[in-house]
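Below are the chains, spelled out letter by letter.
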Amino acid sequence: ILKVAAKAIYTFPHVLLAPVLPFLLLTGFFILWVVVSVYLYSAGEVSGQECIFDNLGEFNVTAPPPPGRKLSFFGDAYDFFTIDEECTVHPTDECGFEYKWQENFQYMLIYLFFGLLWMAQFISGINQMIIAGVIMPYYWRNPTDKARMDRSLGRAIWRTFRFHLGSIAIGSFLVATLQFIRTIIMYLQRKADQLRDKSGFARAVLGCISCCLCFTEWIVKTVNKNAYVLIAISGEGFCSCAFRATSLILNNGIKLATMSLITEFILWVGKMTIALSCGLIAFAYLDQDQFVTGDKKISSPLLPVLITLLLAYMVARVLLAVAEVAITTVFLCYCVDCEKNDGKPVYAPSTLLDAVGVAAKRRDSHELKQVQVSAEANI
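Every value quoted in this text rests on a predicted model; they were computed, and no experiment measured them.

Asks: Quick question: what am I supposed to make of the overall build of the protein here?
Replies: Within the protein one finds 13 helices and four strands. When each of the 379 residues of the protein is scored for burial, the buried share is 34%. Long-range contacts, defined as pairs at least 24 residues apart, comprise 69% of the intrachain contacts of the protein with a sequence gap of at least 6. Summed over its atoms, the accessible surface of the protein is roughly 23800 Å², and 65% of this surface lies on carbon and sulfur atoms.

Listed below in structure tokens is the structure:
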């Protein structure tokens, strides 16, 4: 499966450009989200805080407060008052300022945060659907049909935006909802830790709920990824493909687990290799004499190397995510092929058939049919 996925990417090198469009969409949405958040955050009212006098004896206030005027000290809040040489506190007109939000604005910020989670998962689903739509023809069609293969990326983008945005919206909504609930649980955990009377039972319950939600989110993401691939293959709706993906996962659990472990390990090694290689190259480049002495001297190459490592890891993660979706697409295409043809893959490439020991049987069957056809022609 890894070899077939690699050959598919080699046949469609333009599939590496598939993440560009989702990246631009996500960047544009994030900029818009930041602007709207800033406007909402600054939409409240600023007013002066009322000065309230308490604990006068503790602060050696010699004169009583003016009528209708009070002062409250919380900690070392001396910035709002003047204190003379006799330690007498003289209140100013205002004890600082406070920012008041309307309740509607708070709900709008919560809604906006949920929108960020939903849109991030939605754009990620678009990326997976496009990649699956590009890789899928390699399995089901003749790879030598260059006329159709060269247009595979454009056709995948067209099908995704024309027919499958609703399915992606449903799957991304489920994941975003779980992430939103997890965020609320994390907020409650922080509040519980800040309480003086910390309840161990409450923290344990919240921790268990958070772990369960994290595991559920992983399951939903896995089902979504497989459902998106099946949608790209069959063109059916999200619900039917999600149930079908779950069935394929359960029926091919051992194969899927083995493939997932091997794939995750290989991709992790690839990410680390790319990142470390770029970091070593950056360090070797900065170790030249022009950066050690002279006008271009760098005090320490640590920060540039760390930035290089981070950028290299991010690029490697994006590119190898294409390979991960390609591997999943080839595997599910094989499962669907076996399901439709009584356990015998018909459209699988010879590389994959050789790996599962089916190629020889299919060649023998093909030769037997040719012999039968020639015998009938002679008769």
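More follows now that the structure is in view.
Asks: Sorry, what's going on with the packing of aromatic side chains here?
Replies: Taken as a whole, this structure holds eight aromatic pairs when the rule is applied. Arranged with centres 6.3 Å apart and planes meeting at 45 degrees, the rings of Phe113 and Phe180 form a pair that is tilted. Here the residue Phe113 occupies a position in helix α3 (residues 103–140), and Phe180 occupies one in helix α6 (residues 165–194), the gap between them amounting to 67 residues.

Asks: Explanation requested: the packing of helix α1 (residues 2–11) against helix α11 (residues 302–340) in the structure shown.
Replies: A pair of packed helices can be characterised by two numbers: the angle between their axes and the separation between those axes. It is the contact of α1 with α11, at a shortest axis distance of 9 Å, that shows an interaxial angle of 120 degrees. Relative to α11, the element α1 lies oblique. Every pair of crossing elements has a handedness; the one defined by α1 and α11 is right-handed. Across the interface between the two elements, Leu2, Val4, Ala5 and Ile9 of α1 pack against Ala323, Ala326, Ile327 and Val330 of α11. Within the contact of α1 with α11, the residues separate by chemical class into eight nonpolar, no polar and no charged.

Asks: Where do I start with α6 in this structure?
Replies: Since there are 3.6 residues in each turn of an α-helix, residues three or four apart along the chain are aligned in direction. Counted at 1.5 Å a residue, the expected span for α6 with its 30 residues is 44 Å, and the 43 Å between its end C-alpha atoms agrees. For α6, every residue scored as buried is listed here: Ser167, Ile168, Gly171, Ser172, Val175, Ala176, Leu178, Gln179, Phe180, Ile185 and Ala192. Buried residues belonging to α6 abut α3, α5 (152–163), α7 (200–234) and α8 (238–251).

Asks: Honestly, the packing of α3 against α5 in this entry has me stumped. Any pointers?
Replies: Two elements in contact, α3 and α5, have axes whose closest approach is 8 Å; the angle formed by their N-to-C orientations is 135 degrees. Comparing their axes, α5 and α3 come out oblique. Remark: the crossing between α3 and α5 carries right-handed chirality. Residue-level inspection shows Ile126, Met129, Ile130, Gly133, Val134 and Met136 of α3 in contact with α5, the latter providing Ser152, Leu153, Ala156, Ile157, Arg159, Thr160 and Phe161. When the residues that make up the contact of α3 with α5 are grouped by side-chain class, the tally is nine nonpolar, three polar and one charged.

Asks: Got a minute to help me understand a nonpolar patch on the surface in this structure?
Replies: On the surface, Leu2, Ile262, Phe265, Ile266, Trp268 and Val269 cluster together to form a nonpolar patch covering roughly 560 Å² of accessible area. Looking at where Leu2 falls in the secondary structure, it is placed in helix α1.

Asks: Any chance you could explain the confidence of the model for the protein here in plain terms?
Replies: Detailed conclusions should not be drawn from predicted coordinates in areas where pLDDT is low. Averaged over all residues, the pLDDT of the protein is 76; the fraction at 70 or higher stands at 74%. Highest mean pLDDT in the protein belongs to α6 (89); lowest belongs to strand β2 (residues 81–83) (47). Of the regions scoring below 50 in pLDDT, residues 53–85 engages in 50 contacts with residues more than four places distant in sequence or in other chains.

Asks: Please explain the pattern of salt bridges as it appears in this structure.
Replies: Pairing between side chains of opposite charge can happen when their charged atoms approach one another. This model, assessed by the stated rule, comprises four salt bridges. Taking the shortest distance from any N to any O, the salt bridge between Glu217 and Arg182 comes out at 2.9 Å. Separated by 35 residues along the polypeptide, Glu217 in helix α7 and Arg182 in helix α6 bring together distant segments of the chain. Residue Arg182 is classed as partly exposed on the basis of its relative accessible area of 21%. Measuring nitrogen to oxygen at the nearest pair gives 3.2 Å for the salt bridge that ties Lys221 to Glu217. Taken as a pair, Lys221 and Glu217 lie in helix α7 at a separation of four residues, close to a single helical turn. Through salt bridges with shared partners, one network takes in Arg182, Glu217 and Lys221.

Asks: Hey, could you run me through the nonpolar core in this one?
Replies: Nonpolar side chains tend to gather and get buried jointly when the protein is soluble and globular. Membership of the largest hydrophobic core comes to 55 residues, with the highest contact counts inside it found for Val15, Ile131, Ile135, Tyr139, Trp140, Leu230 and Ile233. When residues of this core are traced back to their parent elements, those giving at least two are α1, α3, α5, α7, α8, α9 (253–286), α11 and α12 (350–356). Those residues within four positions of Tyr139 in sequence are excluded, and the remaining contacts are Val330, Cys333, Tyr334, Asp337, Pro345, Tyr347, Ala348, Pro349 and Leu352. By size, the runner-up hydrophobic cluster in this structure holds seven residues, among which are Ala192, Leu206, Leu213 and Val220.

Asks: Sorry if this is basic, but what is going on with the side chain of Ser152 here?
Replies: With respect to the helices and strands, Ser152 occurs in helix α5. Judged by relative accessible area, which is 3%, Ser152 ranks as buried. Among the polar contacts listed, one links the side chain of Ser152 to the side chain of His14, at a separation of 2.9 Å. Sequence-distant contacts of Ser152, that is, excluding residues within four places in its chain, are made with Phe12, His14 and Val134.

Asks: Can you help me understand the environment of Val315 in this one?
Replies: Here Val315 lies in helix α11. Judged by its relative accessible area of 49%, Val315 is partly exposed. Through-space distance from the C-alpha of Val315 to that of Lys271 is 8.9 Å; in sequence the pair is 44 residues apart.

Asks: How should I be thinking about α5 in this particular structure?
Replies: Given a rise of 1.5 Å per residue, 12 residues ought to cover 16 Å, and the 16 Å separating the end C-alpha atoms of α5 matches this to within 8%. Inspection of α5 places Ser152, Leu153, Ala156 and Thr160 among the buried residues, and these make up the whole buried set. On an axial view of α5, the arc spanned by its buried residues comes to 100 degrees, and they lie on one face. The exposed set on the far side of α5, more than 90 degrees from its buried face, consists of Trp158 and Phe163.

Analysis parameters
- Residues numbered from 1 in each chain as written.
- Predicted model: local features only at pLDDT ≥ 70, side-chain atom pairs only at ≥ 80, totals over all residues.
- Heavy atoms only, no water.
- Helix = DSSP H or I, 4+ residues; strand = E, 2+ residues; numbered from the N terminus.
- Buried < 20%, exposed > 50% of the residue type's maximum accessible area, 1.4 Å probe, protein only.
- Contact = heavy atoms within 4.5 Å.
- Areas by Shrake-Rupley, 256 points an atom, 1.4 Å probe, with all protein chains shown as cover.
- Phe/Tyr/Trp six-rings, centres within 6.5 Å; stacked < 30°, edge-to-face > 60°.
- Axes fitted to C-alpha atoms, helices over the stretch in contact; angles between N-to-C directions.
- Parallel < 35°, antiparallel > 145°, perpendicular 65-115°, else oblique.
- Left-handed = near helix turned anticlockwise from the far one by under 90°.
- Nonpolar A, V, L, I, M, F, W, Y, C, P; charged D, E, K, R; others polar.
- Expected span 1.5 Å × (residues − 1).
- Patch = residues over 30% accessible without salt bridge, like charges linked within 9 Å, V, L, I, M, F, W, Y side chains within 5 Å.
- Salt bridge = Lys/Arg side-chain N within 4 Å of Asp/Glu carboxyl O.
- pLDDT = per-residue confidence, 0-100.
- Core = buried A, V, L, I, M, F, W, Y, C linked by side-chain atoms within 4.5 Å.
- Polar contact = N/O pair within 3.5 Å; in protein donor to acceptor, adjacent residues only side chain to side chain.
- Arc of directions from axis to C-beta.

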